[in-house]
Amino acid sequence: MKQLILIILIIFPLINFSQSKKITLSEAIEIAKKKSPDYKINLNRNESNYWRYRRYRASFLPELRLDATLPEYRNAVRRITNDAGQDIFVNQNQLLVEGGLSIKQSVPYTGGTLSINTNLERIELFGLDDNIGYAVIPFSIRYFQNSLLFNPFKWDKKIEPLVYEESKREFVENMEQISVSTSRRYFQLLKAQMQLEIAKTNLSNQDTLYQIAQGRFKMGKIAENDLLQMELTLLNSKNDVTSNTLELKRTSQNLARYLELSSENLELDVPANLPLFEVEPEKALVEAQANRKAVVEFRRRRLEAEKEVAFQKGNNRLNVGVVANFGISNNGDDFNNLFNNFNKQQSVSVSLGFPIFDWGVSKSRRKMAEANLDLTNNSINQDQQEFEQEIYLHVLNWSNQRDFLYTAEKAKIVAQKRYDISKKRYILGKITITDLNIALQEKDKAILQYLNSLQNFWQDYYILRQLTLYDFINDKKIEVEDILYD
């Protein structure tokens, strides 16, 4: 009794371990969309684009900043200019402590920056006459604008939302690309499994036929050449089993690693045919234009080229800058009286710059930007035509895939039936080994064509979803739940 229990405890884990994992195509795709390396890369890219957009939105919000020097000690000889305008060398032995708060706000309508500042300084002098001095700027308003003729905020307000929208659509497209990649790996393994099964069946049949051929040769009913041909076919069948076994190992590892499965012993299910539905090229094109990132990308590329033209025109001919400051300040030796009787602190500066003669550098930059805009427009027009053509041709190809699959499936059945009949006729001695081998080759070829048609049928279906981001079976747009990042 104890020996029986021991045997059960040893054998049962081995049986359980050797069990294969059953998986369907839809299950494989769902796993890939959560665990595959492509999903993780897609998620990282989407996260980067998300934080880029958050940074852009935050750039229009007020920024509170603290700047401080705690402390700065200096004991050195320096050259300074005195009140008489003379340069003299003095020994500085001092300790500086400084701190200030500032609130900055971008002004999208003008392209400048408005800031409110406050600052406090303390300087302690060491030496024969120790002294402490204070300086304070309790309130100061400053406005800065680099150029009056070019507003970068205006262009960013148009471009950055398109970049973010493009990234969201790209995320959905990449998720559909995961479906395409998964289906390719799935059918590679499925074909390897079915071809190995066919190779083993062929080997068994060829071994039986070879035994029959040996008996006929001994009886003098067939020539030695026919016997050798049968033996060669048997050896080739053995080689097919070996090569298909290796292919099965490779494709099973490929799919298992892509899905991050613990077991490579997978049992795949042959996908059923899709429900009947028609796809009109016009409908597919409308959905693609509404959902694909390429349409947003076209607008973004054109705006970026227009932005460069506006920048060159606004900065190459006339440079105009404005700096304005208004506030109050005070300084003294007594900290308690520092906040009385403030002094005005006002300044306005307008800078102008105009290239009188620069050997055509400014004109060349402007012309280059305009030429790049024309090139971008022409490239976008060509890309739009290729975009529409890709949709149109793939819809036509998809419409034919179902017919191809039906024909290939019927050809497989016919070829298998022909081979079965040919094998029986060979056993009866009514056909030669050459006729039997031709029937065998045509059977294997028909099975391979059917498997390829089945793979193309499903891959083209997922490519159609990727090209349009539309689910034609359920008649709705393909969407992915919003992913939030903390």
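Residues numbered from 1 in each chain as written. Predicted model: local features only at pLDDT ≥ 70, side-chain atom pairs only at ≥ 80, totals over all residues. Heavy atoms only, no water.

Student: Lay out the nonpolar core with the relevant residues and their values.
Tutor: Burial of nonpolar side chains together is a common tendency in soluble globular proteins. Ranked by size, the top nonpolar core spans 49 residues in total, and within it Tyr186, Leu259, Leu268, Val279, Trp398 and Trp458 carry the most contacts. Listed by contribution, the elements that provide at least two residues to this core are α2 (25-35), α4 (152-219), α5 (224-259), β6 (266-268), α6 (281-291), α7 (293-316), α8 (361-427) and α9 (433-468). Broken down by element, the residue count for this core peaks at 10 residues, all from α9. When residues no more than four places from it in sequence are discounted, the contact partners of tryptophan 398 are Leu274, Phe277, Val279, Phe457, Asp460, Tyr461 and Leu464. Ranked by size, the runner-up nonpolar core spans 14 residues in total, among them Leu209, Ile222, Ile431 and Leu440. (Core = buried A, V, L, I, M, F, W, Y, C linked by side-chain atoms within 4.5 Å. Buried < 20%, exposed > 50% of the residue type's maximum accessible area, 1.4 Å probe, protein only. Helix = DSSP H or I, 4+ residues; strand = E, 2+ residues; numbered from the N terminus. Contact = heavy atoms within 4.5 Å.)

Student: So, the side chain of glutamate 176: which residues are in play, and what are the values?
Tutor: By the secondary structure assignment, glutamate 176 is in helix α4. Owing to a relative accessible area of 2%, glutamate 176 belongs among the buried residues under this scheme. Within the structure, glutamate 176 has its side chain in polar contact with the side chain of arginine 465 (distance 3.0 Å). With sequence-adjacent residues up to four places away left out, glutamate 176 is seen in contact with Lys33, Tyr462, Arg465, Gln466, Leu469 and Ile478. (Polar contact = N/O pair within 3.5 Å; in protein donor to acceptor, adjacent residues only side chain to side chain.)

Student: Report on the pattern of salt bridges, specifying residues and quantitative values.
Tutor: Opposite charge on two side chains permits them to pair, given that their charged atoms come into close proximity. One pass over the structure, following the stated rule, counts 24 salt bridges. Between lysine 168 and glutamate 165 there is a salt bridge; the shortest N-O distance is 3.6 Å. Of this pair, lysine 168 and glutamate 165 both sit in helix α4, 3 residues apart, which is roughly one turn of the helix. Overall, glutamate 165 belongs to the partly exposed group, its relative accessible area being 27%. With a closest N to O distance of 4.0 Å, lysine 313 and glutamate 370 form a salt bridge. (Salt bridge = Lys/Arg side-chain N within 4 Å of Asp/Glu carboxyl O.)

Student: Go over α8, please, and point to the residues and values.
Tutor: For α8, the principal kink sits at asparagine 400 and spans about 25°. Where α8 ends, the next residue or the one after it, glycine 429, has phi of about 80°, a positive value. (Bend = angle between axes of the 7 residues up to and from the residue.)

Student: Before we move on, could you go through a nonpolar patch on the surface and cite the residues and values that matter?
Tutor: Residues Leu64, Leu66, Leu101, Ile103, Leu114, Ile116, Phe139, Ile141 and Phe326 make up a contiguous nonpolar surface patch of about 800 Å² in total accessible area. Of all the elements in the fold, those that place two or more residues in the nonpolar patch are β2 (63-81), β3 (87-107), β4 (112-125) and β5 (131-145). Note that isoleucine 141 resides in strand β5. The partly exposed category is assigned to isoleucine 141, whose relative accessible area is 30%. (Patch = residues over 30% accessible without salt bridge, like charges linked within 9 Å, V, L, I, M, F, W, Y side chains within 5 Å. Areas by Shrake-Rupley, 256 points an atom, 1.4 Å probe, with all protein chains shown as cover.)

Student: Summarise the confidence of the model for the protein; cite the residues concerned and give the values.
Tutor: On average, residues of the protein score 84 in pLDDT, and 93% of them reach the 70 mark or higher. Across residues 1-18 the pLDDT falls below 50, and counting only partners more than four positions away or on other chains, this stretch makes 2 contacts in the model. (pLDDT = per-residue confidence, 0-100.)

Student: Explain the layout of surface pockets to me, using residue names and the numbers behind them.
Tutor: Here the largest pocket is characterised by a volume of approximately 590 Å³. Forming the boundary of the largest pocket are 24 residues, of which Glu30, Lys33, Glu176, Arg465 and Glu479 lie nearest the centre. The element best represented in the lining of the largest pocket is α2, accounting for 5 residues. Here the lining of the largest pocket is built from residues that sort into 11 nonpolar, 3 polar and 10 charged. (1 Å grid on protein atoms, 1.4 Å probe; cavity = no way out; pocket = protein on both sides within 12 Å on 5 of 7 lines; lining within 4 Å. Points joined across faces, edges and corners; volume = space filled by probe spheres on them. Nonpolar A, V, L, I, M, F, W, Y, C, P; charged D, E, K, R; others polar.)

Student: Please give an account of the packing of aromatic side chains that cites residues and values.
Tutor: Inspection of every chain in the model, using the stated rule, returns 16 aromatic pairs. Taking the centre distance of 5.0 Å and the plane angle of 65° together, the rings of tyrosine 461 and tyrosine 462 count as edge-to-face. In this structure, tyrosine 461 and tyrosine 462 share a single accessibility class: buried. Chaining the aromatic ring pairs together yields one cluster made of Tyr53, Tyr56, Phe60, Phe153 and Tyr164. Over the ring of tryptophan 155 we find lysine 158; its NZ or CZ atom is 4.9 Å from the centre of that ring. The ring of tyrosine 450 carries lysine 412 above its face, with NZ or CZ at 4.3 Å from the centroid. (Phe/Tyr/Trp six-rings, centres within 6.5 Å; stacked < 30°, edge-to-face > 60°. Lys NZ or Arg CZ within 6 Å of the ring centre and 35° of its normal.)

Student: A description of the packing of α4 against α9 should follow, citing residues and the corresponding values.
Tutor: For the pair α4 and α9, the least separation of the axes is 9 Å and the interaxial angle reads 170°. Compared by their axis directions, α4 and α9 come out roughly antiparallel. Relative to α9, α4 is oriented so that their crossing is right-handed. Taken together, the residues of the contact of α4 with α9 sort by class into 15 nonpolar, 10 polar and 7 charged. (Axes fitted to C-alpha atoms, helices over the stretch in contact; angles between N-to-C directions. Parallel < 35°, antiparallel > 145°, perpendicular 65-115°, else oblique. Left-handed = near helix turned anticlockwise from the far one by under 90°.)

Student: Explain the environment of arginine 142 residue by residue, including any values.
Tutor: As for its placement among the helices and strands, arginine 142 is situated in strand β5. By relative accessible area, which is 36% here, arginine 142 ends up partly exposed. Separated by 185 residues in sequence, arginine 142 and glycine 327 place their C-alpha atoms 8.5 Å apart. Excluding anything up to four places from it in sequence, arginine 142 contacts Thr113, Leu114, Ser115, Asn117, Val323, Ala324 and Asn325.

Student: Quick rundown of the side chain of asparagine 325? Include the residues and the values.
Tutor: Relative to the elements of secondary structure, asparagine 325 occurs in strand β7 (residues 319-332). For asparagine 325, the side chain forms a polar contact with the side chain of serine 140, separated by 2.9 Å.

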